[in-house]
Amino acid sequence: MNEIVYLERVPVLALRGLTIFPKQLIHFDVGRDKSLKALEMAMREDQRVFLVPQKDLTDDDPAVENLDDVGVVGHIKQLLKVQGDLVRVLVYGEYRATITSCIQTEPCIVARTESVLDLPYDITSPKIEAHMRDAMMLFDRYLDMTQRPAQEIQLKLLATRDPGYMADTIAQYVNFDYRIKANLLAVRHPVNRLLECVRYLRHENKVLALEAEIHERTREQLDRNQREYYLREQMRTIRTELGEDDSDDDIMEYRARIHDLKLEESIDQKLQKELTRLSKQPFGSAEGAVLRSYLDAVIALPWNKRSKERVDIAAARKILDADHFGLQKVKERILEILAIKQMAPELPSQIICLVGPPGVGKTSIAYSIARCLNRKMARIALGGIHDEAEIRGHRKTYVGAMPGRIMAAITQAGTRNPLLLLDEVDKLGSDHRGDPSSALLEVLDGEQNSTYRDHYLEIPFDLSECMFITTANTVDTIPRPLLDRMEVIELNSYTDEEKLMIAKNHLLPKQRKRHGLKKTQLSISDDCIREVITCYTRESGVRNLERQLATICRKADRKLIEDETIKRVTVKSTNLEEFLGVRRYLPDRLPESDPVGLVTGLAWTSVGGETLEVEVNVMQGSGKLELTGNLGDVMKESVHAAMSYIRSKADLLGIDADFYKTKDIHVHFPEGAVPKDGPSAGITVCTALVSALTGRPVRRDVAMTGEISIRGRVMAIGGLKEKTMAALRHGIKTVIIPEANLRDLEEIDQTVRAGLNFITAKQVDTVLDVALIREPVIPEYPVIESQKAMPVGQNVPKTQTEIRQ
């Protein structure tokens, strides 16, 4: 083991991006002033210099603290002045050393150094020999991949038994990063240094292998492309000699088609520019394919094609009546829009939004409007779209780019004035790729869409002649700016009688024809259809009803085929289960007696109205109020509002003033798996609470709906038409509604108005007097009797006295 050596006044040379190892001979160029001064000082003394890497490559004048801890004391073998002030130096590294103290920093750094000795190790260990063999094998592989001559180095490595020397030699020769080399220089244990060197060398070999693979693939691709280019040039020359130059014919064809479109000057110049670029592309190039797709998309647009519009109110009414039963208000509104087009055709078309539950005919009405106007129609499904580029198109620089759905639909329609149906506009989404609803703002704005630019086409197209109709199940999820551009037309649920007429006049003939049945071969009674509606479907529209009728037709087909003696299949209520199976929904029935603490409310859902029961139990306790039934926050607040009102009127209602301290109250809404929310069950909850606290029964034939305030006011609610239909199906005779909803009775179906008595209430007192059984007899309140249902458009009487008159 060598003794520690101290060298006085050893000049320090900072290495930038370079590392020198002991017992290695290396040459490098020196140009910095301090480095040249250090070399001059070393040559004047004993030609020794301390070579140490600097930490920051960008530092032109590094201080001692910015140098690595470990360097090499080297012996200068040769100095050679090259170009300018540049000096090339040949140095032999002698041993590792570290700076113990700095003597001076000007004109160069001079320091005292102390040699860094290798740590002891067992040279007889077979593991060391295995590691050295592994290192030698990896180094040979490295030399093969780099094709660098190193026979002398290989011989030295084969002859050595020192793992430290092997690691230093490999690290000096291999093109490791300078920081990796600096880390290896600082490792004192020879075996550990060799292991680190092997790890870095293995990684370097992997990188070289990948580089070779990439280079080979690139070379093969270039060779292939050159070969294809020469072959294509030869083919082009042969075609030219034979007079069969197809590419020129394509260019001329494109030019003629663009000329025939008679486009605006700016658009024509844009297309001619793209056509010029196409003519310069080699045959079969990727850029040429992109340009051809672009030109085909632009030329396919109906720039000058229009449908001859027909605006005939009488014909439109016949088409609407033939295609749809009922929906009178919707039809009237559509005919008004058509009348405006007839009186002022220069005005832009109104944008209609048809809103209603599933299956009520929103999409089919749009098809009927297209028939009325004699316009081509294209449907654009917007449900689940999250990418703005789906609407506005992708820029053609992207691979697989294409026009947006708006321009694709216009191309599909084949005219520049089609009717575009934007289906399910309420189900648009948004994420990091953009907001499609924002992209629709320009499309649906009559003041802006005359210069609509698709990202793919990059040229303006006039959408002002298009008629847009959107459909949605609810307006709650449509962004406000988009909703402001549309005129909303609501399509409400069908009544059972309307469903009966739709089934008889539309659905059943359609299914007979689809299943190859004649009218004489299948007969379904009206009572049977009614039972299908009530016992096998529960919906606002008629989709499930049509499916059930299709099932009956399939069963009838099978009966007629299997038994040739059967000439006619008759479906009645008595044999309906043979065709449709067990009834899914049993008819709603009223309780056999007037219950206590059980009240029937009315609720609105996206598929129509439903009855909603409220149950209340009162028990001895400590004043706990428990709410169950999967309730939302608004409904829970309604219960608390009803409690506040009852506490304020406890004396008048005959309830103990401290009931909220001595009684536990449990309010439950059945069908707990169904989420429930909204304020319209307020008076229902209040009535159930009063009934349970007083023991007074509730009339079983009464249903109610209305929001309650803590002062006992009954406030307006929505969805009255659907709720009253549900009440009629349930067998209810009397419905209590808020007085503020009196005007809404004109929109209720005549069948419903004839089957129900409506009582309006302004205060909860009225509700309790009507719903709860007590003596004396219930006083008179505003009633609309079923026997005297008022026609739509007339004023509804406000008192019983007025009805009698």
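Owing to the predicted nature of the structure, the values given are computational and were not obtained by experimental measurement.

Caption draft 1: Fine view of unusual backbone geometry. The omega torsion of the bond from glutamate 106 to proline 107 falls at -5°, within 30 degrees of zero and hence cis. With respect to the element layout, proline 107 can be found in the loop between strand E5 (87-104) and strand E6 (110-115). Although it is not a glycine, asparagine 374 sits at a positive phi angle of roughly 60°.

Caption draft 2: Molecular detail of helix H11 (residues 328-343). Over its 16 residues, H11 runs 22 Å from end to end, which matches the ideal 22 Å to within 8%, given 1.5 Å per residue. All of the buried residues along H11 are Val330, Lys331, Ile334, Leu335, Ile337, Leu338 and Lys341. The buried residues of H11 occupy an angular sector of 155° when projected down its axis, which confines them to one face. Looking at H11, the residues exposed on the side facing more than 90 degrees away from the buried face are Lys329 and Met343.

Caption draft 3: View of the packing of aromatic side chains. What the rule picks out here adds up to six aromatic pairs. Each ring, one from phenylalanine 139 and one from tyrosine 142, has its centre 6.4 Å from the other, and the planes form 15°; the classification is stacked. Within this pair, phenylalanine 139 and its partner tyrosine 142 are both found in helix H2 (residues 126-146), separated by three residues, close to a single helical turn. Under the relative-accessibility criterion, phenylalanine 139 is labelled buried at 0%. Overall, the relative accessible area of 1% leaves tyrosine 142 in the buried class. Summarising the aromatic geometry, the rings of phenylalanine 659 and tyrosine 660 are spaced 6.0 Å apart at their centres and angled 90° between planes, so their arrangement reads as edge-to-face. With a relative accessible area of 1%, phenylalanine 659 lands in the buried category. An aromatic cluster of three or more residues is present, and its members are Phe139, Tyr142 and Tyr173. One cation-aromatic arrangement involves arginine 416 over phenylalanine 461; the distance from NZ or CZ to the ring centre is 5.4 Å. When the ring centre of tyrosine 660 is taken as reference, the NZ or CZ atom of arginine 647 above it lies at 3.6 Å.

Caption draft 4: Highlighting the packing of helix H10 (residues 313-323) against helix H12 (residues 362-373). At their nearest, the axes of H10 and H12 sit 9 Å apart, and the two run at 150° to each other. Comparing the axis directions of H10 and H12 gives the class roughly antiparallel. Here H10 and H12 pass one another in a crossing that is right-handed. Between H10 and H12, the residues in contact are Ala316, Ile319, Leu320 and Asp323 and Ser368, Arg371 and Cys372, respectively.

Caption draft 5: Structural view of the pattern of salt bridges. In total, this model carries 37 salt bridges according to the counting rule given. A salt bridge links arginine 193 to aspartate 168; the nearest nitrogen and oxygen atoms lie 3.1 Å apart. Of this pair, arginine 193 sits in helix H6 (residues 190-242) while aspartate 168 sits in helix H4 (residues 163-173); the two residues are 25 residues apart in sequence, bridging distant segments of the chain. We classify aspartate 168 as buried; its relative accessible area is 4%. Residue lysine 270 pairs with glutamate 274 through a salt bridge whose shortest N-O separation is 3.2 Å. Placement of the pair is lysine 270 and glutamate 274 together in helix H8 (residues 265-279), with a separation of four residues, close to one helical turn.

Caption draft 6: Quick peek at the packing of H10 against H11. Two elements in contact, H10 and H11, have axes separated by 10 Å at closest approach and are oriented at 155°. In terms of axis orientation, H10 runs roughly antiparallel to H11. Our pair here, H10 against H11, has a crossing hand that is right-handed. Contacts from Ile313, Ala316, Arg317, Leu320 and Asp321 in H10 reach Lys331, Glu332, Ile334, Leu335, Leu338, Ala339 and Gln342 in H11.

Caption draft 7: Summary view of the sheet that holds strand E12 (residues 467-472). Across the sheet, which stays open at both edges, the five strands sit in the order E8-E9-E12-E7-E13 with parallel pairing between neighbours. Unpaired on one side and paired on the other, strand E8 (377-381) and strand E13 (487-490) mark the two borders of the sheet. With strand direction ignored, the average angle separating the axes of adjacent strands in the sheet is 20°. Two strands pair when backbone bridges link them, and strand E7 (residues 352-355) and E12 are joined in this way by four bridges, in the parallel orientation. Each bridged residue has a counterpart across the sheet, and for leucine 354 the counterpart in E12 is threonine 471. Lying over the sheet, H11 contacts E7 and E13, oriented at roughly 150° with respect to E13.

Caption draft 8: Seen up close, the pairing of E5. Note that strand E2 (residues 25-30) and E5 share six bridges and pair antiparallel. Paired with histidine 27 across the strands is leucine 90, a residue of E5. Where strand E4 (residues 70-81) folds back onto E5 in an antiparallel hairpin, the turn is made up of five residues, including glycine 84, whose phi is positive at roughly 65°. For E5 and E6, the ladder comprises six bridges, and the chain directions are antiparallel.

Reading guide: rules and limits
- Residues numbered from 1 in each chain as written.
- Predicted model: local features only at pLDDT ≥ 70, side-chain atom pairs only at ≥ 80, totals over all residues.
- Heavy atoms only, no water.
- Helix = DSSP H or I, 4+ residues; strand = E, 2+ residues; numbered from the N terminus.
- Expected span 1.5 Å × (residues − 1).
- Buried < 20%, exposed > 50% of the residue type's maximum accessible area, 1.4 Å probe, protein only.
- Arc of directions from axis to C-beta.
- Phe/Tyr/Trp six-rings, centres within 6.5 Å; stacked < 30°, edge-to-face > 60°.
- Lys NZ or Arg CZ within 6 Å of the ring centre and 35° of its normal.
- Axes fitted to C-alpha atoms, helices over the stretch in contact; angles between N-to-C directions.
- Parallel < 35°, antiparallel > 145°, perpendicular 65-115°, else oblique.
- Left-handed = near helix turned anticlockwise from the far one by under 90°.
- Contact = heavy atoms within 4.5 Å.
- Salt bridge = Lys/Arg side-chain N within 4 Å of Asp/Glu carboxyl O.
- Pairing = 2+ DSSP bridges.

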